[in-house]
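Coordinate inspection notes
So you can see what is in the structure, the chains are spelled out below.
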Amino acid sequence: MSADHPFDPSALGFETLAVRAQHPVSAEREHSVPLYLTSSFRFDDAEHARALFAEEVTGNVYSRYASPNTDEFVHKLCLLEAGAEAVREGRVDGIATASGMSAVFTAIAARVSSGDHVLASRALFGSTHQIFTRILPKWGVSHDYADVGDPSSWERLVRPSTRLIFVETPSNPGLELLDLAWLAQFANVRGIPLVVDNCFATPYLQRPLALGATVVVHSATKYIDGQGRVLGGAIVGARDYLADCRFFARHTGPALSAFNAWLLSKSLETLAVRMDRHCSNALALAQHFEGHTALESVRYPFLPSHPQHDLARRQMTQGGGIVVLNLRGGLDAGRRALDRLRLCSHSANLGDTRTIVTHPASTTHSKLSPAERAAVGIGDGLLRVSVGLEQVQDIIADLEQALA
Ligand SMILES: *Cc1c(COP(=O)(O)O)cnc(C)c1O
């Protein structure tokens with residue numbers, strides 16, 4: 001990691017670190033960090049090469065391991081997720097991966113062996129659910145899903161062989177929250193690492209490591225890029241846990257490309273201002289549609305009607321950029337509304353500058369049975385609105401005419 005800045009990062013705020021934590025300036029004296037398109041790096045001499053491979057010194061070797069661009073991206077994300085003090089003291093480390101799913105998979109597969117058990121929250125991103133139900137069982141790793149709102153279910157399902165706890169909060173797309181401070185305490189007293197997918201909140205709204213989580217995983221594809229351009233992922237957290245992830249990723253190869261890392265690092269510079277606007281637009285939209293005649297309900301963490309509103313206020317600084325609209329009239333109503341959209345996009349991504357509306361029951365969560373969907377609060381008429389950065393009145397007007 002490149003940390004030789006002329007300023008003391010521990011004295012600086014989130015926005016300043018996001019803008020100013022840069023790779024050291026090269027001999028060219030560039031102001032904006034360049035893109036390093038090189039698959040490998042030269043060694044000074046035979047001794048230098050030996051020491052690098054023996055991991056006695058750090059430095060660039062080969063872009064499957066790391067590159068100046070992935071280093072900068074990860075270093076900055078470590079500062080934002082864990083704080084400058086944890087970075088200076090060497091308590092946290094991070095790696096970048098090619099996608100959110102490669103981050104999720106690496107964070108799990110690097111730590112489990114045949115016979116191990118994983119405990120997870122029930123409401124998970126669709127592909128994460130597929131890893132637990134269809135992929136890990138091939139290697140003899142079992143799992144259980146605990147109920148988010150029922151502490152006794154965690155007590156009941158944890159086993160001596162539980163090697164990690166994996167959760168998502170707020171969940172996709174149901175916007176269920178999990179009390180991270182409570183769960184971290186539950187995990188820590190049992191010596192079980194807690195892995196949190198922090199994709200929906202980003203470190204700007206929620207810092208799981210400060211609440212006691214061991215590791216945070218990200219789909220950087222979403223708010224971290226924020227402009228719907230690239231895939232990327234990252235794992236950030238406790239140094240010993242990350243050592244296993246780094247080993248696994250080095251040798252299995254889910255490396256983030258230098259180009260994507262370069263973009264993502266620059267995207268982090270605007271994360272705070274983008275998230276402020278995503279959140280204020282989302283809150284305005286949620287308030288506008290609450291009580292609408294075409295809707296059964298509206299769900300947004302910072303609406304007082306959200307069942308976990310108090311927890312949301314405690315755990316997050318703002319409610320995030322996702323609003324859930326539950327349409328009366330189920331599947332047909334959902335599909336009709338989608339086909340009437342003029343401004344908002346019908347697409348499967350989220351966290352973009354452009355407002356995106358998704359119908360999980362027919363797309364991202366279609367592989368779940370109706371019963372499994374119902375168990376995580378995904379009704380047939382549920383629309384997930386990833387509220388973008390357009391003028392909020394225009395977004396509201398488009399959804400109004402689509403629901404009319
Ligand atoms: C999108 C997403 C992922 C997967 O990320 P990719 O970059 O698409 O691989 C994982 N978790 C959550 C919560 C997501 O929204």
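In this text the structure is predicted, and so the values were computed from the model without any measurement.

This paragraph deals with the overall build of the protein. Broken down by element type, the protein carries 16 helices and 12 strands. Taken against the 2.2 N^0.38 rule, which gives 22 Å for 404 residues, the C-alpha radius of gyration of the protein at 21 Å falls within 12% of a compact globule. Seen through its principal axes, the protein has C-alpha atoms that stretch 70 × 50 × 35 Å. Put simply, the protein has 404 residues, and 55% of those count as buried. A sequence separation of at least 24 residues applies to 72% of the contacts in the protein between residues at least 6 apart. Carbon and sulfur atoms make up 51% of the accessible area of the protein, which amounts to about 17000 Å² in all.

Omega for the bond connecting threonine 169 with proline 170 falls within 30 degrees of zero, at -10 degrees, which places this linkage in the cis form. Turning to its location among the elements, proline 170 is positioned in the loop between strand E4 (162-168) and helix H8 (180-189). With a phi close to 60 degrees, glutamate 55 is a non-glycine residue in the positive phi region. Within the secondary structure, glutamate 55 sits in the loop between helix H2 (46-53) and helix H3 (68-82). Look at threonine 202: it is not a glycine, yet its phi comes out positive at around 65 degrees. Given a relative accessible area of 0%, threonine 202 falls into the buried group.

As a further point, take the sheet that holds E4. Paired through their backbone hydrogen bonds, the strands of a sheet run either parallel or antiparallel. Strand order in the open sheet made by the seven strands is E1-E7-E6-E5-E4-E2-E3, with mixed pairing throughout. The open sheet has two free edges, formed respectively by strand E1 (92-97) and strand E3 (142-146), since each of these has just one partner strand. Across the sheet, the mean angle separating the axes of adjacent strands is 20 degrees when strand polarity is ignored. Where strand E2 (residues 117-121) lies against E3, five bridges are found, and the strand directions are parallel. Within E3, the position partnered with serine 121 by the bridge is alanine 146.

Taken together, 13 residues lie around the ligand, and Gly100, Met101, Asp197, Thr221 and Lys222 are the ones closest in. The contact in question runs from a nitrogen atom of the ligand to an N or O atom on the side chain of aspartate 197, over 2.7 Å. Here the ligand loses 92% of its free accessible area of 380 Å² to cover by the protein chains. Broken down by class, the residue content of the shell around the ligand amounts to four nonpolar, six polar and three charged.

On to the nonpolar core, then. Counting residues in each nonpolar core, the largest one holds 74 residues, and the members touching the most others are Phe73, Phe289, Val323 and Leu325. Ranked by the residues each element gives to this core, the list is headed by helix H12 (residues 271-289), at eight residues. Excluding its chain neighbours within four sequence positions, the residues that come into contact with phenylalanine 73 are Ala96, Ala220, Ile224, Gly233, Ala234, Leu256, Ala261, Leu264, Ser265 and Leu268. Ile108, Ala109, Tyr145 and Cys245 belong to the second-largest nonpolar core, a separate cluster that totals 27 residues.

This paragraph deals with the packing of aromatic side chains. How two aromatic rings sit relative to each other is set out by the distance from centre to centre and by the angle between their planes. A full pass over the atoms with the stated rule returns 10 aromatic pairs. When the ring of phenylalanine 105 is compared with that of tryptophan 139, the centres are 6.4 Å apart and the planes differ by 50 degrees; the resulting orientation is tilted. Of this pair, phenylalanine 105 sits in helix H5 (residues 100-109) while tryptophan 139 sits in the loop between helix H6 (126-135) and E3; the two residues are 34 residues apart in sequence, bridging distant segments of the chain. A residue is classified by how much of its surface remains accessible, and tryptophan 139, at 48% relative accessible area, is partly exposed. Taking the centre distance of 5.5 Å and the plane angle of 25 degrees together, the rings of tryptophan 182 and phenylalanine 186 count as stacked. Of this pair, tryptophan 182 and phenylalanine 186 both sit in helix H8, four residues apart, which is roughly one turn of the helix. Ring-pair connections join several aromatic residues into one group, and the members of that group are Phe105, Trp139 and Phe248. Taking the ring centre of phenylalanine 186 as reference, the NZ or CZ of arginine 190 above it sits at 3.9 Å.

Attention now moves to the domain arrangement of the protein. Split by domain assignment, the protein resolves into domain 1 (9-268) and domain 2 (272-403). Look at where the C-alpha atoms of domain 1 and domain 2 centre, and you get two points 27 Å apart. At the interface, 37 residues of domain 1 touch 41 residues of domain 2. Note on domain 1 versus domain 2: buried area summed over both sides is about 3000 Å², and carbon and sulfur give 59% of it. Among the salt bridges present, the one from aspartate 179 reaches arginine 314, with a minimum N-O distance of 3.3 Å.

What the five strands build is an open sheet, ordered E8-E9-E12-E11-E10; its pairing is mixed. Where the open sheet ends on each side, the last strands, each with one partner, are strand E8 (295-299) and strand E10 (345-346). Where E10 meets strand E11 (residues 356-358), two bridges bridge the pair, whose relative direction is parallel. Across the sheet, histidine 346 pairs through a bridge with valine 357, a residue of E11. Along the sheet face, H12 touches E8 and strand E9 (322-327) and points at about 20 degrees away from the line of E9.

Criteria and thresholds
Numbering of residues starts from 1 in each chain and follows the order in which that chain's sequence is written. Under the rules for a predicted model, residues below a pLDDT of 70 receive no local features and side-chain atom pairs below 80 are neither given nor counted, while totals for whole chains, interfaces and linings still include all residues. Side-chain measures here rest on the full set of heavy atoms in the structure, leaving out hydrogens and waters. In DSSP terms, a helix is any run of H or I states spanning at least four residues, a strand is any run of E spanning at least two, and both are numbered starting from the N terminus. As a reference, a globule follows 2.2 Å times the number of residues to the power 0.38, and the radius of gyration itself is taken over C-alpha atoms. For the exposure calls, accessible area comes from a 1.4 Å probe over protein chains only, and a residue counts as buried if that area is under 20% of its type's maximum, exposed if over 50%, partly exposed in between. Two residues qualify as a contact provided that any one of their heavy atoms is within 4.5 Å of a heavy atom in the partner residue. Reported accessibility uses the Shrake-Rupley method at a 1.4 Å probe radius. Residues are deemed covered only where the shown protein chains occlude them. Being paired, for any two strands, means DSSP has found at least two bridges between them. As a rule, the C-alpha atoms of each element are fitted with a line to give its axis, helices using only the stretch in contact, and angles between N-to-C directions run from 0 to 180 degrees. Any residue with a heavy atom positioned within 4 Å of a molecule or strand is treated as near that molecule or strand. As used in this structure description, the phrase polar contact means that two N or O atoms lie within 3.5 Å; if the pair is within protein, one of them must be able to donate a hydrogen and the other to accept it, and residues adjacent in sequence are counted only when both atoms belong to side chains. Each residue is assigned to one of three groups, with Ala, Val, Leu, Ile, Met, Phe, Trp, Tyr, Cys and Pro labelled nonpolar, Asp, Glu, Lys and Arg labelled charged, and all others, Gly among them, labelled polar. As used in this record, nonpolar core signifies buried Ala, Val, Leu, Ile, Met, Phe, Trp, Tyr and Cys residues forming a set joined through side-chain atoms within 4.5 Å. The pairing test for Phe, Tyr and Trp rings, Trp by its six-membered ring, is centres within 6.5 Å, and the orientation test on the planes gives stacked under 30 degrees, edge-to-face over 60, and tilted for anything in between. Put simply, a charge is over a ring when the Lys NZ or the Arg CZ is close to the ring centre, within 6 Å, and near the line of the ring normal, within 35 degrees. Segmentation of the chain into domains, including their bounds, is taken from an automatic or database domain assignment. Joining two parts hides part of their accessible area as seen by a 1.4 Å probe, and the buried area is that hidden amount summed over both. Salt bridge criterion: a side-chain nitrogen from Lys or Arg within 4 Å of a carboxyl oxygen from Asp or Glu.

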